[in-house]
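Inside the fold
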Amino acid sequence: MNIVKVENLSFSYKDNTVLDNICFNIREGETFGLVGDSGSGKSTIALILLKLLKNYKGKIYFNDKDIYTIKKKKDVKEFYKDVQIVFQDPYSSLDSKKRIGYLIEEPLLIHEKMSKKERNDKVDEIMELVGLDIKYKNNFPHQLSGGLRQRLAIAIALVLNPKFVVLDECVSALDISIQAGILNLLNELKQKLNLTFLFISHDLNVVGYICDTIAVLNKGKIIEIQDTENLFKNPIDSYTKKLFNNSYYEL
Ligand SMILES: Nc1ncnc2c1ncn2[C@@H]1O[C@H](COP(=O)(O)OP(=O)(O)OP(=O)(O)O)[C@@H](O)[C@H]1O
Ligand SMILES: [Mg+2]
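Right, let's walk through the structure included here.

**Quick notes on the overall build of the protein chain**
Scanning the protein chain from N- to C-terminus turns up 10 helices and 10 strands. Radius of gyration (C-alpha) of the protein chain: 18 Å, near the 18 Å computed for a compact globule of 251 residues. Counting every position in the protein chain, which comprises 251 residues, the buried fraction comes to 48%. Partitioning the contacts of the protein chain with sequence separation of at least 6, the portion at a separation of at least 24 is 66%. Within the structure as shown, the protein chain displays about 12500 Å² of accessible surface, and the carbon and sulfur contribution to it stands at 49%. Side chains of the protein chain carry 35 positive and 33 negative charges; the gap between the two charge centres is 6 Å.

See below:
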(Lines give C-alpha, C1' and ligand atoms only; values in the text may rest on other atoms or scores of the structure.)
(Ligands and ions follow the chains in the order given, each with its own letter.)
Protein backbone atom coordinates (compact mmCIF):
# COMPACT_ATOMS: atom_id res chain seq x y z
CA MET A 1 0.00 0.00 0.00
CA ASN A 2 1.20 3.51 -0.77
CA ILE A 3 1.40 5.77 2.27
CA VAL A 4 2.34 8.82 0.15
CA LYS A 5 1.26 9.61 -3.40
CA VAL A 6 2.56 12.63 -5.27
CA GLU A 7 0.71 13.39 -8.50
CA ASN A 8 1.85 16.01 -11.00
CA LEU A 9 3.39 18.27 -8.40
CA SER A 10 4.67 21.63 -9.68
CA PHE A 11 5.84 24.59 -7.66
CA SER A 12 7.26 28.05 -8.36
CA TYR A 13 8.90 30.68 -6.22
CA LYS A 14 7.48 33.77 -7.96
CA ASP A 15 8.42 33.16 -11.62
CA ASN A 16 11.03 30.56 -10.87
CA THR A 17 9.67 27.05 -11.48
CA VAL A 18 11.51 24.78 -9.05
CA LEU A 19 9.36 21.64 -9.32
CA ASP A 20 8.00 20.46 -12.64
CA ASN A 21 5.34 17.76 -12.79
CA ILE A 22 6.75 15.48 -10.11
CA CYS A 23 5.15 12.05 -9.63
CA PHE A 24 6.13 9.32 -7.19
CA ASN A 25 4.63 6.93 -4.65
CA ILE A 26 6.09 5.80 -1.35
CA ARG A 27 5.11 2.32 -0.16
CA GLU A 28 4.34 1.77 3.49
CA GLY A 29 7.47 0.45 5.25
CA GLU A 30 10.01 1.44 2.62
CA THR A 31 12.82 3.96 2.67
CA PHE A 32 12.34 6.10 -0.41
CA GLY A 33 15.36 8.10 -1.51
CA LEU A 34 15.37 11.47 -3.22
CA VAL A 35 18.75 12.38 -4.64
CA GLY A 36 19.91 15.38 -6.66
CA ASP A 37 22.32 18.30 -6.73
CA SER A 38 21.96 21.37 -4.57
CA GLY A 39 19.04 23.46 -5.80
CA SER A 40 17.29 20.57 -7.57
CA GLY A 41 14.20 21.01 -5.37
CA LYS A 42 14.56 18.27 -2.75
CA SER A 43 13.79 20.41 0.31
CA THR A 44 10.94 22.12 -1.52
CA ILE A 45 9.31 18.70 -1.97
CA ALA A 46 9.87 18.00 1.75
CA LEU A 47 8.25 21.29 2.77
CA ILE A 48 5.23 20.69 0.55
CA LEU A 49 4.77 17.15 1.93
CA LEU A 50 4.73 18.68 5.41
CA LYS A 51 2.06 21.23 4.42
CA LEU A 52 4.57 24.02 5.01
CA LEU A 53 4.31 25.38 1.45
CA LYS A 54 0.79 25.74 0.13
CA ASN A 55 0.52 27.22 -3.36
CA TYR A 56 1.58 24.16 -5.31
CA LYS A 57 -0.08 22.51 -8.29
CA GLY A 58 -0.94 18.82 -8.30
CA LYS A 59 -2.14 16.45 -5.62
CA ILE A 60 -0.48 14.92 -2.60
CA TYR A 61 -2.07 12.10 -0.68
CA PHE A 62 -1.09 10.82 2.74
CA ASN A 63 -2.87 7.57 3.57
CA ASP A 64 -5.22 8.30 0.63
CA LYS A 65 -6.20 11.70 2.03
CA ASP A 66 -5.47 14.80 -0.05
CA ILE A 67 -3.28 16.76 2.38
CA TYR A 68 -4.52 20.06 0.99
CA THR A 69 -7.94 19.30 2.45
CA ILE A 70 -6.59 18.74 5.97
CA LYS A 71 -7.71 22.00 7.55
CA LYS A 72 -9.64 21.35 10.75
CA LYS A 73 -7.49 22.00 13.81
CA LYS A 74 -7.96 18.47 15.08
CA ASP A 75 -7.01 16.94 11.71
CA VAL A 76 -3.95 19.19 11.31
CA LYS A 77 -2.81 18.18 14.78
CA GLU A 78 -3.27 14.52 13.92
CA PHE A 79 -1.31 15.03 10.66
CA TYR A 80 1.65 16.50 12.58
CA LYS A 81 1.66 13.49 14.88
CA ASP A 82 1.86 11.11 11.95
CA VAL A 83 4.34 13.07 9.81
CA GLN A 84 7.68 14.34 11.10
CA ILE A 85 10.86 15.85 9.67
CA VAL A 86 14.54 15.76 10.64
CA PHE A 87 16.76 18.46 9.15
CA GLN A 88 20.45 18.55 8.32
CA ASP A 89 21.43 20.82 11.17
CA PRO A 90 19.36 20.17 14.27
CA TYR A 91 21.24 22.97 16.00
CA SER A 92 19.44 25.64 14.03
CA SER A 93 16.05 23.91 14.32
CA LEU A 94 16.31 23.22 18.08
CA ASP A 95 15.63 25.79 20.77
CA SER A 96 19.10 26.06 22.31
CA LYS A 97 17.76 27.47 25.58
CA LYS A 98 15.74 24.34 26.37
CA ARG A 99 17.17 21.28 28.04
CA ILE A 100 17.39 17.99 26.13
CA GLY A 101 14.85 16.17 28.31
CA TYR A 102 12.36 18.99 27.88
CA LEU A 103 12.88 19.18 24.09
CA ILE A 104 11.88 15.52 23.83
CA GLU A 105 9.01 15.93 26.32
CA GLU A 106 7.55 19.04 24.65
CA PRO A 107 5.67 17.27 21.81
CA LEU A 108 4.05 15.00 24.43
CA LEU A 109 2.88 18.06 26.39
CA ILE A 110 1.27 19.46 23.25
CA HIS A 111 -0.20 16.29 21.78
CA GLU A 112 -0.81 13.74 24.53
CA LYS A 113 -2.72 13.65 27.77
CA MET A 114 -0.05 12.00 29.88
CA SER A 115 0.99 12.29 33.50
CA LYS A 116 4.42 13.71 34.38
CA LYS A 117 5.58 10.18 35.20
CA GLU A 118 4.31 8.77 31.90
CA ARG A 119 6.06 11.54 29.97
CA ASN A 120 9.26 10.95 31.89
CA ASP A 121 9.16 7.23 31.15
CA LYS A 122 8.51 7.91 27.47
CA VAL A 123 11.47 10.33 27.30
CA ASP A 124 13.75 7.71 28.90
CA GLU A 125 12.45 5.04 26.54
CA ILE A 126 13.01 7.11 23.40
CA MET A 127 16.47 8.29 24.51
CA GLU A 128 17.51 4.70 25.01
CA LEU A 129 16.05 3.75 21.64
CA VAL A 130 18.10 6.36 19.75
CA GLY A 131 21.28 5.72 21.73
CA LEU A 132 21.30 8.97 23.67
CA ASP A 133 22.35 8.39 27.29
CA ILE A 134 19.75 9.66 29.77
CA LYS A 135 22.55 11.40 31.65
CA TYR A 136 22.24 14.16 28.98
CA LYS A 137 18.63 15.02 29.97
CA ASN A 138 19.60 18.20 31.80
CA ASN A 139 22.16 19.32 29.23
CA PHE A 140 21.58 21.76 26.40
CA PRO A 141 21.76 20.78 22.69
CA HIS A 142 25.02 22.70 22.10
CA GLN A 143 26.72 20.48 24.68
CA LEU A 144 26.27 17.44 22.43
CA SER A 145 28.49 16.32 19.55
CA GLY A 146 27.05 16.58 16.03
CA GLY A 147 26.18 12.89 15.95
CA LEU A 148 24.44 12.95 19.33
CA ARG A 149 22.58 16.12 18.37
CA GLN A 150 21.24 14.30 15.33
CA ARG A 151 20.15 11.44 17.63
CA LEU A 152 18.31 14.07 19.70
CA ALA A 153 16.55 15.40 16.58
CA ILE A 154 15.54 11.81 15.72
CA ALA A 155 14.26 11.29 19.30
CA ILE A 156 12.10 14.42 19.06
CA ALA A 157 10.76 13.30 15.67
CA LEU A 158 9.87 9.84 16.98
CA VAL A 159 8.44 10.60 20.41
CA LEU A 160 4.86 10.86 19.09
CA ASN A 161 5.06 7.52 17.24
CA PRO A 162 4.80 8.94 13.72
CA LYS A 163 4.09 6.80 10.67
CA PHE A 164 6.15 8.75 8.15
CA VAL A 165 9.42 10.62 8.68
CA VAL A 166 11.18 12.91 6.20
CA LEU A 167 14.95 13.00 6.69
CA ASP A 168 16.36 16.00 4.80
CA GLU A 169 20.17 15.71 4.48
CA CYS A 170 20.15 14.33 8.02
CA VAL A 171 23.71 12.97 7.88
CA SER A 172 25.28 15.44 5.44
CA ALA A 173 26.94 17.59 8.11
CA LEU A 174 28.49 14.59 9.88
CA ASP A 175 31.84 12.81 9.46
CA ILE A 176 31.64 9.63 7.41
CA SER A 177 32.26 7.40 10.47
CA ILE A 178 29.42 9.10 12.40
CA GLN A 179 27.14 8.95 9.32
CA ALA A 180 27.27 5.14 9.31
CA GLY A 181 26.13 5.00 12.96
CA ILE A 182 23.12 7.22 12.24
CA LEU A 183 22.18 5.32 9.05
CA ASN A 184 22.31 2.00 10.91
CA LEU A 185 20.23 3.49 13.73
CA LEU A 186 17.61 4.66 11.21
CA ASN A 187 17.41 1.17 9.69
CA GLU A 188 16.99 -0.35 13.12
CA LEU A 189 14.30 2.16 14.14
CA LYS A 190 12.42 1.66 10.90
CA GLN A 191 12.11 -2.07 11.59
CA LYS A 192 11.27 -1.69 15.30
CA LEU A 193 8.70 1.08 14.89
CA ASN A 194 7.19 0.22 11.49
CA LEU A 195 8.20 3.55 10.00
CA THR A 196 8.27 4.79 6.43
CA PHE A 197 11.07 7.18 5.46
CA LEU A 198 11.61 9.75 2.77
CA PHE A 199 15.40 10.05 2.81
CA ILE A 200 16.82 13.11 1.05
CA SER A 201 20.49 13.52 0.17
CA HIS A 202 22.79 14.86 -2.54
CA ASP A 203 25.04 11.82 -2.05
CA LEU A 204 24.03 8.81 -4.11
CA ASN A 205 26.15 6.40 -2.09
CA VAL A 206 24.49 7.43 1.17
CA VAL A 207 21.07 7.07 -0.45
CA GLY A 208 22.09 3.71 -1.92
CA TYR A 209 23.14 2.47 1.51
CA ILE A 210 19.79 3.07 3.18
CA CYS A 211 17.05 3.27 0.52
CA ASP A 212 14.86 0.62 -1.10
CA THR A 213 13.80 2.87 -3.99
CA ILE A 214 15.54 5.94 -5.38
CA ALA A 215 14.17 8.90 -7.36
CA VAL A 216 16.75 11.08 -9.10
CA LEU A 217 15.85 14.76 -9.26
CA ASN A 218 17.49 17.23 -11.64
CA LYS A 219 16.43 20.87 -11.87
CA GLY A 220 12.95 20.18 -10.50
CA LYS A 221 12.27 17.12 -12.65
CA ILE A 222 12.40 13.45 -11.72
CA ILE A 223 14.56 11.82 -14.34
CA GLU A 224 14.40 8.25 -13.11
CA ILE A 225 12.93 6.12 -10.34
CA GLN A 226 14.28 2.63 -9.79
CA ASP A 227 14.75 0.20 -6.96
CA THR A 228 18.21 0.72 -5.50
CA GLU A 229 19.78 -2.46 -6.82
CA ASN A 230 18.72 -1.72 -10.39
CA LEU A 231 19.73 1.92 -10.20
CA PHE A 232 23.23 0.97 -9.07
CA LYS A 233 23.51 -1.80 -11.68
CA ASN A 234 22.00 0.10 -14.53
CA PRO A 235 21.59 3.87 -14.15
CA ILE A 236 19.60 4.94 -17.20
CA ASP A 237 20.17 8.66 -17.29
CA SER A 238 23.50 10.39 -17.91
CA TYR A 239 22.78 12.74 -14.98
CA THR A 240 22.53 9.76 -12.63
CA LYS A 241 25.88 8.51 -13.94
CA LYS A 242 27.34 11.94 -13.21
CA LEU A 243 25.98 11.77 -9.63
CA PHE A 244 27.76 8.43 -9.21
CA ASN A 245 31.00 10.03 -10.30
CA ASN A 246 30.59 12.97 -7.91
CA SER A 247 29.73 10.62 -5.10
CA TYR A 248 32.80 8.49 -5.67
CA TYR A 249 35.04 11.55 -5.72
CA GLU A 250 33.69 12.55 -2.33
CA LEU A 251 34.54 9.24 -0.69
N1 LIG B 1 12.43 30.72 0.00
C2 LIG B 1 12.85 30.69 -1.27
N3 LIG B 1 12.61 31.72 -2.11
C4 LIG B 1 12.98 31.68 -3.40
N5 LIG B 1 13.62 30.64 -3.98
C6 LIG B 1 13.89 29.58 -3.20
C7 LIG B 1 13.52 29.54 -1.81
N8 LIG B 1 13.91 28.36 -1.30
C9 LIG B 1 14.50 27.69 -2.31
N10 LIG B 1 14.49 28.42 -3.45
C11 LIG B 1 15.02 27.99 -4.76
O12 LIG B 1 14.34 26.81 -5.14
C13 LIG B 1 15.21 25.89 -5.77
C14 LIG B 1 15.14 24.56 -5.06
O15 LIG B 1 15.65 24.72 -3.74
P16 LIG B 1 15.66 23.55 -2.68
O17 LIG B 1 16.06 24.14 -1.38
O18 LIG B 1 14.37 22.80 -2.74
O19 LIG B 1 16.82 22.62 -3.27
P20 LIG B 1 17.58 21.38 -2.60
O21 LIG B 1 17.62 20.31 -3.62
O22 LIG B 1 16.99 21.07 -1.27
O23 LIG B 1 19.06 21.97 -2.42
P24 LIG B 1 20.17 21.64 -1.27
O25 LIG B 1 20.80 20.33 -1.67
O26 LIG B 1 21.13 22.77 -1.38
O27 LIG B 1 19.48 21.58 0.04
C28 LIG B 1 16.58 26.54 -5.77
O29 LIG B 1 16.78 27.15 -7.02
C30 LIG B 1 16.48 27.59 -4.68
O31 LIG B 1 17.31 28.67 -4.97
MG1 LIG C 1 17.76 21.06 0.68
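The discussion continues.
**Brief notes about unusual backbone geometry**
Peptide bonds are trans in most cases, and residues, glycine excluded, mostly fall at negative phi. The phi angle at Asn8 is positive, at roughly 50 degrees, despite the residue not being glycine. If you trace the backbone, Asn8 turns up in strand S1 (residues 2-13).

**Examining the sheet that holds strand S8 (residues 196-201)**
Pairing is mixed in the open sheet, where six strands are placed in the order S6-S7-S8-S3-S9-S10. What marks the edges here is a single partner per strand, and that holds for strand S6 (83-86) and strand S10 (221-227). The sheet shows a mean angle of 15 degrees between the axes of neighbouring strands, taken without regard to direction. With four bridges joining them, strand S3 (residues 31-35) and strand S9 (residues 213-218) adopt parallel strand pairing. Bridged to Phe32 within S9 is Thr213. Taken strand by strand, helix H2 (residues 73-82) contacts S6 and strand S7 (164-168), and its axis lies near 50 degrees from that of S6. The strands touched by helix H7 (residues 176-193) within the sheet are S3, S7 and S8, with S8 carrying the most contacts at an inclination of about 160 degrees.

**A closer look at the state of the cysteines**
A complete count under the given rule lists zero disulfides for this structure. Cys211 forms no disulfide, and the closest cysteine sulfur to it belongs to Cys170, at a distance of 9.9 Å. Taking relative accessible area as the criterion, Cys211 reaches 6% and is therefore assigned buried.

**A closer look at the pairing of strand S2 (residues 16-27)**
By the bridge criterion, eight bridges tie S1 to S2 in an arrangement that is antiparallel. Bridge pairing links Val6 to Phe24 in S2. In sequence, S1 turns back onto S2 through a hairpin of two residues, with Lys14 there showing a positive phi of about 50 degrees.

**Details of the environment of Gln179**
Secondary-structure assignment places Gln179 in helix H7. The class of Gln179 is buried, set by a relative accessible area of 11%. With 32 residues separating them in the primary sequence, Gln179 and Gly147 have C-alpha atoms 7.8 Å apart. Other than its neighbours up to four places away in sequence, Gln179 contacts Val171, Ser172, Leu174 and Val206.

**Brief notes about the site of ligand 1**
Every residue near ligand 1 is listed here: Tyr13, Val18, Asp37, Ser38, Gly39, Ser40, Gly41, Lys42, Ser43, Thr44 and Glu169. The separation between an oxygen atom of ligand 1 and a polar main-chain atom of Gly39 is 2.8 Å. Take Ser43: an N or O atom from its side chain is 2.9 Å from an oxygen atom of ligand 1. Relative to its unbound accessible surface of 640 Å², ligand 1 loses 56% to contact with the protein. For the shell around ligand 1, the class distribution of residues is two nonpolar, six polar and three charged.

**Observations concerning the nonpolar core**
In terms of nonpolar packing, the biggest core is built from 46 residues, with Ile104, Leu152, Ile154, Leu186 and Phe199 touching the most fellow members. With seven residues, the single largest contributor to this core is helix H6 (residues 146-158). Setting aside chain neighbours within four positions, we find Leu152 in contact with Leu94, Ile100, Leu103, Ile104, Leu132, Pro141 and Leu144. Core analysis: the next-biggest nonpolar cluster, separate from the first, contains 32 residues, Val4, Leu19, Val166 and Ala215 among them.

Rules behind the numbers
- Residues numbered from 1 in each chain as written.
- Chains lettered and ligands numbered in written order.
- Predicted model: local features only at pLDDT ≥ 70, side-chain atom pairs only at ≥ 80, totals over all residues.
- Heavy atoms only, no water.
- Helix = DSSP H or I, 4+ residues; strand = E, 2+ residues; numbered from the N terminus.
- Rg over C-alpha atoms; globule rule 2.2 N^0.38 Å.
- Buried < 20%, exposed > 50% of the residue type's maximum accessible area, 1.4 Å probe, protein only.
- Contact = heavy atoms within 4.5 Å.
- Areas by Shrake-Rupley, 256 points an atom, 1.4 Å probe, with all protein chains shown as cover.
- Lys, Arg positive; Asp, Glu negative; His and termini not counted.
- Charge placed at Lys NZ, Arg CZ, Asp CG, Glu CD.
- Pairing = 2+ DSSP bridges.
- Axes fitted to C-alpha atoms, helices over the stretch in contact; angles between N-to-C directions.
- Disulfide = S-S within 2.5 Å.
- Near = heavy atom within 4 Å.
- Polar contact = N/O pair within 3.5 Å; in protein donor to acceptor, adjacent residues only side chain to side chain.
- Nonpolar A, V, L, I, M, F, W, Y, C, P; charged D, E, K, R; others polar.
- Core = buried A, V, L, I, M, F, W, Y, C linked by side-chain atoms within 4.5 Å.

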